[in-house]
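As a plain string of letters, each chain reads:
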Amino acid sequence: YNLMDFKKMKHEATVLRNVVGDEKLIAWGFLSKALVQEAISGIITKDPADMDAALLKLDTSVALDNNAAYAWFMRAEVHLFRKNYQQSYNDALRAIELSPKFIMPHIILAAACSGMEKHDTAMSIYGRIMQLDSSFTFLGYAGLALEHALTGKMGKAYKYQRLSMK
């Protein structure tokens, strides 16, 4: 997907909400999904006003469907961008609880831990990411490299950085 695809999805969700109405979407169980779809472009652009709107939509989405793992993940992402690390951590944990094999919340969780200077925890999460899905090994090694660099262990940082490129 590119940004235009996400803007089109946002537009389609907005049109659907305007034509059908939120009450029917709630009855059909689709309003939460429409709100998530509308929130995506706000996250992609990283514009503060768009992110405010995205967060409101995501708050509403999880209020409507507390089991919407993707909405919890996206909330975690917005809070991470805003450096609200504890809230990002909490939301990522909820997304992982709902969908343990969904890798993206694990990545956000590791980044939130890093932001809170819990580097050992972040490193263990990067290790778990590699165990859960071997296609993310490069990302796990890159994360380990970053965490070692942040803690001043440049030799290990270099080792993991090289492994991430294989």
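Heads up: the structure comes first, above all this text.
Residue indices begin from 1 for each chain and proceed along its sequence in written order. Thresholds applied to this predicted model are a pLDDT of at least 70 for local features of residues and 80 or more for the giving and counting of side-chain atom pairs; totals over whole chains, interfaces and linings are not thresholded and use all residues. Remark: hydrogens and water are excluded; side-chain values derive from all non-hydrogen atoms of the structure.

## What about the packing of aromatic side chains?
Between the rings of Phe, Tyr and Trp (Trp by its six-membered ring), a pair exists once the centres lie within 6.5 Å; its type follows the angle of the planes, with under 30 degrees stacked, over 60 edge-to-face, and the other angles tilted. Scanning the model with the defined rule gives four aromatic pairs in all. Each ring, one from phenylalanine 73 and one from phenylalanine 102, has its centre 5.3 Å from the other, and the planes form 70°; the classification is edge-to-face. Highlighted residues: phenylalanine 73 in helix α5 (residues 69-81) and phenylalanine 102 in the loop between α6 (85-98) and α7 (103-115), separated in sequence by 29 residues. Geometrically, the ring pair formed by tyrosine 141 and tyrosine 160 is stacked, given 6.0 Å between the ring centres and 25° between the ring planes. Highlighted residues: tyrosine 141 in helix α9 (residues 137-150) and tyrosine 160 in helix α10 (residues 154-164), separated in sequence by 19 residues. Residue exposure (1.4 Å probe, protein chains only): buried if accessible area is under 20% of the type maximum, exposed if over 50%, otherwise partly exposed. A relative accessible area of 17% means that tyrosine 160 is categorised as buried. Every member of this aromatic cluster is reached through a ring pair, and the members are Tyr70, Phe73 and Phe102. Positioned above the aromatic ring of tyrosine 89 is the side chain of lysine 118, whose terminal nitrogen or guanidinium carbon lies 5.7 Å from the ring centre. Helix and strand assignments come from DSSP, with helices taken as H or I runs of at least 4 residues and strands as E runs of at least 2, each series counted from the N terminus. Geometrically, a charge over a ring is one whose NZ (Lys) or CZ (Arg) sits within 6 Å of the ring centre while staying within 35 degrees of the ring normal.

## A look at the environment of leucine 98
With respect to the element layout, leucine 98 can be found in helix α6. For the pair leucine 98 and tyrosine 70, spaced 28 residues apart in the sequence, the C-alpha separation amounts to 9.2 Å. Leaving out residues up to four positions away in the same chain, leucine 98 has contacts with Asn66, Asn67, Ala68, Ala69 and Trp72. Should any heavy atoms of two residues lie within 4.5 Å, those residues are counted as being in contact.

## Here we look at the pattern of salt bridges
Every case where a carboxyl oxygen of Asp or Glu lies within 4 Å of a side-chain nitrogen of Lys or Arg is listed as a salt bridge. What the rule picks out here adds up to four salt bridges. Taking the shortest distance from any N to any O, the salt bridge between arginine 82 and aspartate 52 comes out at 2.1 Å. Taken as a pair, arginine 82 in the loop between α5 and α6 and aspartate 52 in helix α4 (residues 48-64) lie far apart in primary sequence, 30 residues in all. Overall, the relative accessible area of 40% leaves aspartate 52 in the partly exposed class. One salt bridge connects arginine 75 with aspartate 91, and the closest N-O pair in it is separated by 3.0 Å.

## Some points on the nonpolar core
For our purposes a nonpolar core is just a set of buried Ala, Val, Leu, Ile, Met, Phe, Trp, Tyr and Cys residues, chained together by side-chain atoms within 4.5 Å. Leu58, Met74, Tyr126 and Ile129 are the most contacted members of the largest nonpolar core, which has 36 residues in total. Elements with a minimum of two residues in this core: α3 (31-45), α4, α5, α6, α7, α8 (119-132) and α9. Ignoring any residue separated from it by four or fewer positions in sequence, one finds isoleucine 129 in contact with Ile103, His106, Ile107, Phe136 and Leu139.

## With respect to the packing of α6 against α7
Note on geometry: axes are C-alpha line fits, over the in-contact stretch for helices, and angles between N-to-C directions span 0 to 180 degrees. Where α6 meets α7, the closest approach of the two axes is 8 Å, and the angle between their N-to-C directions is 155°. The orientation of α6 with respect to α7, classified from their angle, is roughly antiparallel. The hand of the α6/α7 crossing is left-handed. Residues Tyr85, Ser88, Tyr89, Ala92, Leu93, Ala95 and Ile96 of α6 form the contact with α7, whose own contacting residues are Pro105, His106, Ile108, Leu109, Ala112, Cys113 and Gly115. Taken together, the residues of the contact of α6 with α7 sort by class into 11 nonpolar, three polar and no charged. Any angle from 65 to 115 degrees is called roughly perpendicular, while one under 35 is roughly parallel, one over 145 is roughly antiparallel, and all others are oblique. Two helices crossing with the near one rotated counterclockwise from the far one by less than a right angle form a left-handed crossing, whereas a clockwise rotation gives a right-handed crossing. Three residue categories are used. Nonpolar comprises Ala, Val, Leu, Ile, Met, Phe, Trp, Tyr, Cys and Pro, charged comprises Asp, Glu, Lys and Arg, and polar comprises the others, including Gly.

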